[in-house]
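# Structure at a glance
Listed below are the residues making up each chain.
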Amino acid sequence: MSNKSEPEESYIVRKRSFFIISSLVLFIVIILLFSYIYISSGLKPVDKNDTSTVEIEIPLGSSTSSIAKILEENNIIKNAKIFSVYVKLKNKSDFQAGNYEFSPSQTIDKVIEELQSGKLINEAIHKVTIPEGKSLEEIAELYAKKFDFTKKEFIKVAENKEFINELKKLYPNTITNEILNEDLRYPLEGYLYASTYEYFEEDPEIKDIIKSMVERTNKHVQEELLDKEIDFSVHELLTLASIVERESKFDEDRPKISQVFLNRLNADMKIQSDITASYALGEHKVLMSYEDIAVKSPYNTYYVEGLPIGPIDSPSIESIQAVITPEGKDFTNDYFYARPSGETLYSSTLEEHNKIKKQYEHEWRELKENE
């Protein structure tokens, strides 16, 4: 015997389901609408009619979030979190420290533009440019020539354990326990970002100088690693990038040289980079002898298996990118030879590599003789 109430019950179930789904859709639409209004409002000027200006200091080494907080506290932007997210989505970076004049009438894009261009009230007293590929000792020497402290004093601060632990807390995704290895020559080697820095006081603190350099390394490395997966830790990334930096003169060669080293690592070959042996010796040499490359050091890739213990210089962003995105597995060469001109020649066999080396090694001997 059929149940006549079944169609009616089915209708009620469908009606309830429709009501629930409709309510859910309406709720999501309302949330999205309010989110849009909230974000749109947060991106608008605080007061487009208020053209008065506020003097704001952006301290050396300030992160994007700390800059956003300063701007919000001074009523220049509406919402620090929205500002930080917007900056990240727009891939804006390299904000300059210093004293600025901002107005509540300015748009977020205008504020960002001024922070990037360094449109300051006061001109920088000092500018220091750190070229890519410089070691920590060389960086210390460059700063010692500019300010009233010595190379040794700079290095002493860079080795200070309490300061290093402070940096670890500030930048935990970049500064890790790997820099605490006692066999490292300098814990922060490779972490001092090569760039131009401006200073608005006569004698900045060494800690502030180093902190701002590490902050830039942290920012650029984390931006490059965003949504990417690599087999290296940040320390290993900077280590290999520092070798690529010194082994390549031109940007187009960096991904290829990176791939050569990766090919060697994957084949359980030693990296065998002359510049790592040179760093281990503590001196720059145009030509390396068999005795030189035999030096027993955790930095010498003729001696150790795999990567050296740590970076040997401050790599450029291009070398960092080359390690994250190398030439590719189709590039199967295991050897390269760099001529003094910067031209790099690649080969897939040791026999071919030795022929190239024999053909051009006189150029390096002539260069050494003319030093």
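## Digging into a negative patch on the surface
There is a patch of like negative charges on the surface, built from Glu-55, Glu-57, Glu-101, Asp-148, Glu-153, Glu-201, Glu-202, Asp-203, Glu-205 and Asp-208. When you line up the elements, Glu-153 lands in helix α6 (residues 151-159). With a relative accessible area of 41%, Glu-153 lands in the partly exposed category.

## A closer look at helix α4 (residues 108-117)
Along α4, the residues that are buried comprise Ile-108, Val-111, Ile-112, Glu-114 and Leu-115. Buried residues along α4 cover an arc of 165° about the axis, so they all sit on one side.

## Details of a nonpolar patch on the surface
Together, Leu-24, Phe-27, Ile-28 and Ile-31 make up an exposed nonpolar region whose accessible area comes to about 390 Å². Inspection of the secondary structure assignment puts Leu-24 in helix α1 (residues 6-43).

## Observations concerning the side chain of Thr-174
Topologically, Thr-174 is positioned in the loop between α7 (161-170) and β4 (196-199). Residue Thr-174 is classed as buried on the basis of its relative accessible area, which comes to 0%. Each residue touching Thr-174, except ones within four places of it in the same chain, is listed here: Tyr-191, Thr-217, Asn-218, Gln-222 and Val-234.

## Some details on the packing of aromatic side chains
Enumeration over the complete set of coordinates arrives at 10 aromatic pairs. Here a set of aromatic residues connected by ring pairs shows up, and it is made of Tyr-143, Phe-147, Phe-149, Phe-154 and Tyr-199. Above the plane of the ring of Tyr-279 lies Arg-185, whose end atom (NZ or CZ) is 4.2 Å from the centre. Lying over the aromatic face of Tyr-299, Arg-185 brings its terminal NZ or CZ to 5.8 Å of the ring centre.

## A few points about the nonpolar core
Within soluble globular proteins, side chains that are nonpolar tend to cluster in buried spots. With 61 residues, the main nonpolar core has Tyr-143, Phe-154, Leu-188, Leu-192 and Ile-210 as its most contacted residues. Once residues within four sequence positions are removed from consideration, Ile-210 is found in contact with Phe-154, Val-157, Ala-158, Phe-163, Leu-188 and Leu-192.

## With respect to the side chain of Ser-258
One can find Ser-258 in helix α10 (residues 254-266). Taking the relative accessible area as the measure of exposure, Ser-258 reaches 0% and is therefore buried. Residues within four places of Ser-258 in sequence aside, it is in contact with Val-244, Ala-322, Val-323 and Pro-326.

## Regarding the pairing of strand β6 (residues 344-347)
By the alternation rule, side chains of β6 split into Thr-344 and Tyr-346 and Leu-345 and Ser-347, which are all buried. When strand β5 (residues 335-338) meets β6, the two strands line up antiparallel, connected through four bridges. Within the sheet, the bridge partner assigned to Ala-338 lies in β6 and is Thr-344.

## A short note on unusual backbone geometry
Of note, Asp-268 is a non-glycine position whose phi angle comes to about 60°, a positive value. Here Asp-268 is to be found in the loop between α10 and α11 (274-281). Of note, Gln-272 is a non-glycine position whose phi angle comes to about 55°, a positive value. Examined against the element boundaries, Gln-272 turns out to sit in the loop between α10 and α11. The exposure class of Gln-272 is partly exposed, given its relative accessible area of 39%.

## Description of the packing of helix α5 (residues 136-146) against α6
For the pair α5 and α6, interaxial distance at closest approach is 8 Å and the crossing angle is 130°. When the axes of α5 and α6 are compared, the pair comes out oblique. As for how α5 packs across α6, the hand of that crossing is right-handed. Facing Leu-136, Glu-137, Ile-139, Ala-140, Glu-141, Tyr-143 and Ala-144 of α5, the residues of α6 in contact are Lys-151, Phe-154, Ile-155 and Ala-158. Split into classes, the residues belonging to the contact of α5 with α6 amount to eight nonpolar, no polar and three charged.

Each value, and the rule that gives it
Residues numbered from 1 in each chain as written. Predicted model: local features only at pLDDT ≥ 70, side-chain atom pairs only at ≥ 80, totals over all residues. Heavy atoms only, no water. Patch = residues over 30% accessible without salt bridge, like charges linked within 9 Å, V, L, I, M, F, W, Y side chains within 5 Å. Areas by Shrake-Rupley, 256 points an atom, 1.4 Å probe, with all protein chains shown as cover. Salt bridge = Lys/Arg side-chain N within 4 Å of Asp/Glu carboxyl O. Lys, Arg positive; Asp, Glu negative; His and termini not counted. Charge placed at Lys NZ, Arg CZ, Asp CG, Glu CD. Helix = DSSP H or I, 4+ residues; strand = E, 2+ residues; numbered from the N terminus. Buried < 20%, exposed > 50% of the residue type's maximum accessible area, 1.4 Å probe, protein only. Arc of directions from axis to C-beta. Contact = heavy atoms within 4.5 Å. Phe/Tyr/Trp six-rings, centres within 6.5 Å; stacked < 30°, edge-to-face > 60°. Lys NZ or Arg CZ within 6 Å of the ring centre and 35° of its normal. Core = buried A, V, L, I, M, F, W, Y, C linked by side-chain atoms within 4.5 Å. Pairing = 2+ DSSP bridges. Axes fitted to C-alpha atoms, helices over the stretch in contact; angles between N-to-C directions. Parallel < 35°, antiparallel > 145°, perpendicular 65-115°, else oblique. Left-handed = near helix turned anticlockwise from the far one by under 90°. Nonpolar A, V, L, I, M, F, W, Y, C, P; charged D, E, K, R; others polar.

Scope: geometric values only; no functional claims are made or implied.
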